[in-house]
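These are the residues of each chain, in order.
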Amino acid sequence: MSLAESAGAGQPVPAIEGVGISRAFGGVRAVQDASFAALAGEVHALVGENGAGKSTLIKILGGRIRPDAGQVRVRGAAVLLNSPHDAHRLGAWTVFQELTLLPAMTVAENLLLGREPRGRLGLIDRRAMERDGEAMLAGLGIHHIDPLALVQDLPLAERQIVEIVRAITQDPSILFLDEPTSSLMEREVAWLFGQIRRLRAAGTAIVFTSHRWNEIVSIADRITVCRGGTNVGTFTEIGEDEAVTLMTGRRVGSQYPPRPPAPAGETALAVRNLSGEGVHDVSLELRKGEILGIGGLAGHGHRELFFMLFGAQQPTGGEIRLDGKPVRIASPRAAVRTGSGIALVPEDRKTEGLLLAMSVRDNMSLTILSRIASVGVIRQATEQRLCRGIMEMLKVRAAGLASPVGALSGGNQQKVLLGRWLLADCRTLLLYDVTRGVDAATKHEIYELMTRLAGEGRSIMFYSSDAEELAHQAHRVLVLREGRIAAELDGTGLTAEDIVAAAMRDRAA
Amino acid sequence: MTNNVSRRGLLQAGGAGLLAAGFTTFTLPAKAAGKKPYRIALSNSYIGNKWRIEMENLFKAGLLMEPYKSDVKGSWFNSGNDVSKQSQQMSNLIAERVDAIIINAASPTGLNGIIRQATSRGILVVSFDNVVTAPTALKVNTNQYKFGQMGAEWVAEKIGGKGNVIMVTGVAGTFVDADRNKGAEDVWKKHPGITVVNKFTGMWDSATAERNAAAVLPSLPQIDGIWCQGGTDGVLKAFLAAKRPLPPTAGEGENGFRKFMTGYMGQKVQGISIGQPPFLVLISLELARSVLDGSRPKGDVEIPFPFVTTDTVKVGETVFPDLPDSFFADFTDSGDNATVKICVEAALNGTACAGRLNVVLPKA
Amino acid sequence: MAAPQAIATRRPRLAHAMLQSAPLLLSLAMLAASIVVYCAIYLASQHRLPGGFELTSTVNNTMPLAMAAVGQSFVVLTRGIDLSVGGIIDLTNAVAAVAIHDSPASMVGWSLAILAIGALLGLVNGLLVAVGRLQPILVTLATLSIFQGIAIRVLPQPGGAIPDAYGAVLANVDAPISLIYVALLVLGWRVFRRTRLGVSIFAIGNDEPAAAANGIDVRRTKIAAYVLSGTFSAAAGLFLAAAATAGDATTGNSYTLTSIVAIVLGGVSLFGGRGSAVGGIAGAFVTSMIVNILFFSHIDPLYQNFYEGLFLVLAVTAAAGIGHYFRRRA
Ligand SMILES: Nc1ncnc2c1ncn2[C@@H]1O[C@H](COP(=O)(O)OP(=O)(O)OP(=O)(O)O)[C@@H](O)[C@H]1O
Ligand SMILES: [Mg+2]
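Owing to the predicted nature of the structure, the values given are computational and were not obtained by experimental measurement.

Student: What is the right way to look at the overall build of chain A in this model?
Tutor: Each helix and strand in chain A was counted, giving 17 helices and 22 strands. Radius of gyration (C-alpha) of chain A: 23 Å, near the 23 Å computed for a compact globule of 509 residues. By principal-axis analysis of the C-alpha atoms, chain A measures approximately 70 × 55 × 50 Å. In chain A, buried positions account for 58% of the 509 residues.

Student: It is not clear to me how the site of ligand 1 should be interpreted in this structure. Could you clarify?
Tutor: Residue and element names in this part refer to chain A. Looking at ligand 1, there are 20 residues lining it, with G51, K54, S55, T56 and G411 nearest. Within the side chain of N50, an N or O atom sits 2.8 Å from an oxygen atom of ligand 1. Within the side chain of T56, an N or O atom sits 2.5 Å from an oxygen atom of ligand 1. Breaking the shell around ligand 1 down by element, the ones donating at least two residues are β2 (28-38), α1 (54-61) and α14 (410-424). Taken together, the residues that form the shell around ligand 1 break down as 6 nonpolar, 10 polar and 4 charged.

Student: Could you clarify how one ought to interpret the interface of chain A and chain C in this entry?
Tutor: One widely used convention gives an interface's size as the accessible area the parts lose upon coming together. Tallying the contact residues gives 48 residues for chain A and 34 residues for chain C. Together, the buried faces of chain A and chain C total about 3,600 Å²; carbon and sulfur atoms form 53% of this surface. It is L123(A), I124(A) and H144(A) that lose the most area in chain A upon contact with chain C, and together they represent 15% of the buried surface on that side. Taken together, chain A and chain C are joined by 1 salt bridge. Notably, a salt bridge pairs R196(C) with E116(A), separated by 3.8 Å at the nearest N-O pair. Inspection of the chain A/chain C interface yields 6 residue pairs in polar contact (both at pLDDT 80 or more). Breaking the side of chain A that touches chain C down by element, the ones donating at least two residues are α2 (84-89), α4 (126-139), α5 (156-168) and α6 (186-201) of chain A. For the side of chain A that touches chain C, a count of residues per class yields 19 nonpolar, 13 polar and 16 charged.

Student: Any chance you could explain the coordination of the magnesium ion (ligand 2) here in plain terms?
Tutor: Each angle at a metal carrying four tetrahedral donors should ideally be 109.5 degrees, and each at a metal carrying six octahedral donors should ideally be 90 or 180 degrees. Residues and elements named next belong to chain A. For the magnesium ion (ligand 2), every protein donor is listed as S55 (OG) and Q97 (OE1), and the spread of their distances is 1.9 to 2.0 Å. In this pair, S55 is assigned in helix α1 and Q97 in the loop between β6 (92-95) and α3 (107-111), connecting sequence segments 42 residues apart. Take S55: its relative accessible area is 17%, and that puts it in the buried class.

Student: When you look at the packing of aromatic side chains in this model, what are you seeing that I'm missing?
Tutor: The geometry of an aromatic ring pair comes down to the distance between the two centres and the angle between the two planes. Enumeration according to the criterion identifies 21 aromatic pairs over all chains in this entry. A ring pair is formed by F77(B) and F295(C), whose centres lie 4.4 Å apart and whose planes are at 20 degrees; its orientation type is stacked. Of the two residues, F77(B) sits in strand β2 (residues 72-78) while F295(C) sits in helix α13 (residues 277-296), which places them in two different chains. Just as F77(B) is buried, F295(C) falls in that class too. With centroids separated by 5.8 Å and ring planes inclined at 55 degrees, the aromatic side chains of F327(B) and F331(B) adopt a geometry described as tilted. One aromatic cluster in this structure is built from F77(B), Y38(C), Y42(C), F295(C) and F296(C). In this arrangement the basic side chain of R64(A) is found over the ring face of F96(A), its NZ or CZ atom lying 4.4 Å from the centre.

Student: Mind showing me how you'd approach the interface of chain C and chain B here?
Tutor: Between chain C and chain B, the residue contacts involve 50 residues of the former and 44 residues of the latter. For the pair chain C and chain B, the summed buried area comes to about 4,000 Å², and 59% of that belongs to carbon and sulfur atoms. Among the residues of chain C in contact with chain B, F53(C), D174(C) and F295(C) are the three that bury the most area, contributing 18% of the side total. Our count for the chain C to chain B interface comes out at 2 salt bridges.

Student: Explanation requested: the confidence of the model for chain A in the structure shown.
Tutor: Detail in the predicted coordinates should be disregarded across regions flagged by low pLDDT. All names here are of chain A. The predicted model of chain A has a mean per-residue pLDDT of 85, with 94% of residues at 70 or higher. The element-level mean pLDDT for chain A is lowest in helix α11 (residues 349-353), coming to 64, with strand β7 (residues 174-178) highest at 96. Taken together, the stretch residues 1-8 has pLDDT below 50 and engages in 15 contacts with residues farther than four places along the chain or on a different chain.

Student: Just checking my understanding: could you explain a nonpolar patch on the surface for this structure?
Tutor: Residue and element names in this part refer to chain C. A surface patch of nonpolar side chains, about 600 Å² in accessible area, is lined by L302, Y303, F306, Y307, L310 and L314. Looking at where L302 falls in the secondary structure, it is placed in the loop between α13 and α14 (304-329). By relative accessible area, which is 47% here, L302 ends up partly exposed.

Student: What exactly am I supposed to notice about the pattern of salt bridges here?
Tutor: Should their charged atoms come close, side chains of opposite charge can pair. Residue and element names in this part refer to chain A. Per the counting criterion, the structure on display carries 38 salt bridges over all chains. Salt-bridge contacts for E215 lead to R212; the nearest nitrogen and oxygen are separated by 3.0 Å. Accessibility expressed as a relative area gives 11% for R212, which makes it buried. Several salt bridges converge on common partners, so that one network encompasses R287, E290, R476 and E488.

Student: I would appreciate a short explanation of the sheet that holds β6(A) in the present structure.
Tutor: Neighbouring strands of a sheet are bound in pairs by backbone hydrogen bonds; such pairs are parallel or else antiparallel. Residues and elements named next belong to chain A. Taken in spatial order, the 6 strands of this open sheet run β6-β7-β8-β3-β9-β10, and their pairing is mixed. Two strands in the sheet have a free side with no partner beyond their single neighbour: β6 and β10 (230-235). When the angles between neighbouring strand axes are averaged without regard to direction, this sheet yields 20 degrees. Where β7 lies against strand β8 (residues 205-209), 5 bridges are found, and the strand directions are parallel. By the bridge assignment, L177 is partnered in β8 with F208. Along the sheet, α6 contacts β3 (43-47), β7 and β8; its crossing angle with β8, the most-contacted strand, is approximately 150 degrees.

Student: It is not clear to me how the side chain of T339(B) should be interpreted in this structure. Could you clarify?
Tutor: Checked against the element boundaries, T339(B) lands in the loop between β12 (307-309) and α12 (344-349). Excluding residues within four positions of it along the chain, T339(B) makes contact with F279(B), I283(B), I303(B), D333(B), N358(B), V359(B) and V360(B).

Student: Mind showing me how you'd approach the sheet that holds strand β11 (residues 267-276) of chain A here?
Tutor: All names here are of chain A. Ordered by their spatial adjacency, 4 strands build an open sheet running β12-β11-β14-β15, and the pairing between neighbours is antiparallel. Two strands in the sheet have a free side with no partner beyond their single neighbour: β12 (279-287) and β15 (325-327). Each adjacent strand pair in this sheet contributes to an overall mean axis angle of 20 degrees, direction not counted. Note that β11 and strand β14 (residues 317-322) share 5 bridges and pair antiparallel.

Reading the values: rules and limits
Residues numbered from 1 in each chain as written. Chains lettered and ligands numbered in written order. Predicted model: local features only at pLDDT ≥ 70, side-chain atom pairs only at ≥ 80, totals over all residues. Heavy atoms only, no water. Helix = DSSP H or I, 4+ residues; strand = E, 2+ residues; numbered from the N terminus. Rg over C-alpha atoms; globule rule 2.2 N^0.38 Å. Buried < 20%, exposed > 50% of the residue type's maximum accessible area, 1.4 Å probe, protein only. Near = heavy atom within 4 Å. Polar contact = N/O pair within 3.5 Å; in protein donor to acceptor, adjacent residues only side chain to side chain. Nonpolar A, V, L, I, M, F, W, Y, C, P; charged D, E, K, R; others polar. Contact = heavy atoms within 4.5 Å. Buried area = accessible area lost by both parts, 1.4 Å probe. Salt bridge = Lys/Arg side-chain N within 4 Å of Asp/Glu carboxyl O. Donors = N, O, S within 2.8 Å, 3.2 Å for Na, K, Ca; no water. Phe/Tyr/Trp six-rings, centres within 6.5 Å; stacked < 30°, edge-to-face > 60°. Lys NZ or Arg CZ within 6 Å of the ring centre and 35° of its normal. pLDDT = per-residue confidence, 0-100. Patch = residues over 30% accessible without salt bridge, like charges linked within 9 Å, V, L, I, M, F, W, Y side chains within 5 Å. Areas by Shrake-Rupley, 256 points an atom, 1.4 Å probe, with all protein chains shown as cover. Pairing = 2+ DSSP bridges. Axes fitted to C-alpha atoms, helices over the stretch in contact; angles between N-to-C directions.

Below is the structure:
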């Protein structure tokens, strides 16, 4: 594992470069004197902890926000980017971490926003737009996304793909991809990397961020590590442990904690022949103290299954038993209150979980208000203590409990959401892709936390778009395909490849 | 207008295809007039204050009393202060082919179009209180200029032709407000000793008048007289709250004001209470009835304001200590030449009083 | 190239279109239903069906509201709100009463000038909202009072004489000529939806930061929305003046609220980005139908407001419920 600084002088002019960039939000210095350069025809990874300033730096280079200090250069010339539009004109396109698709518009409308085909009288030709949208998707090998569907009806992974398609069909000379893989499955990631390689070969400068080290290794030509808002080194080759040490300033143990022994205890949650929209005849059992992994390709009923167990969607048939007793979960509120309690940490934190304009504290204590209130008035000291405890446990990086969640980095938002459900103290936890967009060190903490919670006898049902994670964390993995359980895999000795293989084995097999 | 004309109009406008179906009757057959009972509808704009409620109650009570009980089949509608809605309701009344429509309009001009359509179809339109400008509508009202003049003259005389007065005006943009102000201002001009030290709107509403008076009072010198278009009791309450003596006051017919005239809250005010009478609706009803049965030619009616002063106000007749301040105590006329005499229950509940209702219209 | 697995369950185009314009279809259905109920009640009480007079007067009475609703739609679609609609109608109505005279040149010239005034008033709102970054509700509440104040200055007392010829064009009492304007509005809206501005208005109503990230000029779009709102409010002012052949500087006031009611009935989301001005027009006609239905059902006028409120709540709830049902089925 050689640690090689890339040579400084005598290099070609970078396609895009930020020099001495700083940007603060109120008191928070998101980016501080950071310098970064990406060359044409390279994939340059930007890595760092949650809140290290990666997204902020990308937003500055992509024209979305303006730096307080520093200079942006495109192909050697200093430029002033006042809006994304300015960046677009210079050939720089960005897939932002928090997606920027317009929810109530169709996929085609989103893909062609700002470059709609015109018909007579210069009016937008809707038929041509559908055609072009479909052609764009098909041209990139995507046939399963309906160009006429509304974006708000798509699962997150498909939205992410649409957003990526929109950027790469602009023929960018500079492309920023801010955590594009966080909600994608293996196969979709492979598709994306294929696209990235193609663009790289065509001379595009690609900046890529991810918290999954294997992805970084497989695609990046160079890696820049960020910490605390600044760049701490750029490498052509670096090992994971070194990189993590550099990101965090401390040593972090190996990624996956030892799995506790599989429990043989009683059944906490039993599902019999559950059917409904997207879910067909699913039966499963979740024991106390068990971590049950749910795997499979996105869009195959995971989301619906989790929603049904949480009462956010109603099944049309089947039975759910909690601690042996049949229950009907009419709403999320009921789920939290049913027996020992069921909690769901949802996928899309922006629309399904967090109240972005409200404070970290308010977001965390939302489900436990009745518990910490006396005569309807919230006991502030208790609230403060509980929230602070969770915040420290999860290492949420925020200016304070009072800062609005919308101001946190993506990974930190995810932690707040997780914190809420930890506070709620439910015995059954449905974790839906909780490590999405979470940095390596925190992921490790979440794994440890899961192990600990399971050790305490809580049951965890855990979906992840990262098969690697499932393979290492779960006692058992159920693979869903087209809404049915396609395989049940035992955790010991399980590999990510096994899960992917089970997910993709065609129906005949 | 005939079908041919309308059709041609459509063709010219290029919309014949669009409007292909269904318009065979653009005019309604003329109504066979002169058959009792007459169908008379009251189209009121908004019903948000006590005055309007009393007015509508009087109308309902009137319909229950002879001669209206047998001569008239009445109905009433409110539209809020929404011209389109009132216009829509009037269209429906036209479609129903009523004999007469009595209106208290949301706008003096906004209904002119529909009024013209009503009268051209032989429907009698009588407007009162907030009267309309449409020439084909009959108007029943008081002389608002005289309201302003009468009150101002009384105040001027009481204060001996000199001193400071305030003017509390009404809802800007209405004829009533403008005419009342003009009546008062013409009087002030004749008395160089009188200074109008402030002029603010009370919106004909006691709460608003009180709030606005309270806001301006601290900045004002001694005030010798009040001239108020409405919300009079509110203005006086603001004076009390500011610990100012109550000067001679010309105001509206609010029960609260009249209570002050007989002694209220430890104060007794010298005053003249001139009311826009809610019984204008009964005058309009009588006018409609008598025009329809041919006993009176078409023509506008103006009635004098009923008024009382501190010297003439009478408990149980023109002031009611048990009723709220916001009640309009001028629901009935008094004295020998009274135009309308009706009981308090009629104004309060819309129930009939004993006997016949005798409405005396001024000579045509 | 490895592609994500295909799960080809495409919905046909028509199904998509139906689903995506469900709120609009619901409002049209609501309109159809209210017309049927009206005809039934009318038939029961008058023993004949409503004819040309009823159609003409309903259309004429509803035109100003339909115009105001279209104007309001533009702003609400950007996730704003325009409370100054009433003030703009007041002011333009007042100017019309004072300015329009009996010559064709005066009628055409002043009509255009008054529309321009409306646009200008909208521009004031737009600048304050988009450039001044103030809350739309505050800005337009303030300008509402200001415009009302100026209107009273322009026309202190109701009056003025709008030539009959003007009324015959905009609010003809003998034939429902105004239906042509409705048709033009619908057509115009469909064209507008296919312009860059149309797309931008929907985009910023959907998600303003996302729209900005996509290179849409948020400021210019918002300003344009308020300008359009002002222009259509001015058109409403002209229609009112034409119908009354006179002006009144206070007649517009009620339109602030009723225009919002109309677009909500029409399925325009107050949270922006979803809806259609055509729905707003339908909503305007639904409110007129409600007035008619209550009239001919001869309920006690004292309870009229109650029933009107009840109808609105039921209508909106039913629409939301049906919409929800279909979304879940789909
Ligand atoms: N709009 C904002 N207002 C206030 N603070 C902000 C804002 N945007 C970012 N920050 C803060 O700036 C810091 C850097 O955030 P940024 O989103 O760039 O991190 P990141 O490296 O992308 O993290 P992640 O991996 O979690 O996405 C964080 O502490 C965040 O709270
Ligand atoms: Mg980020």
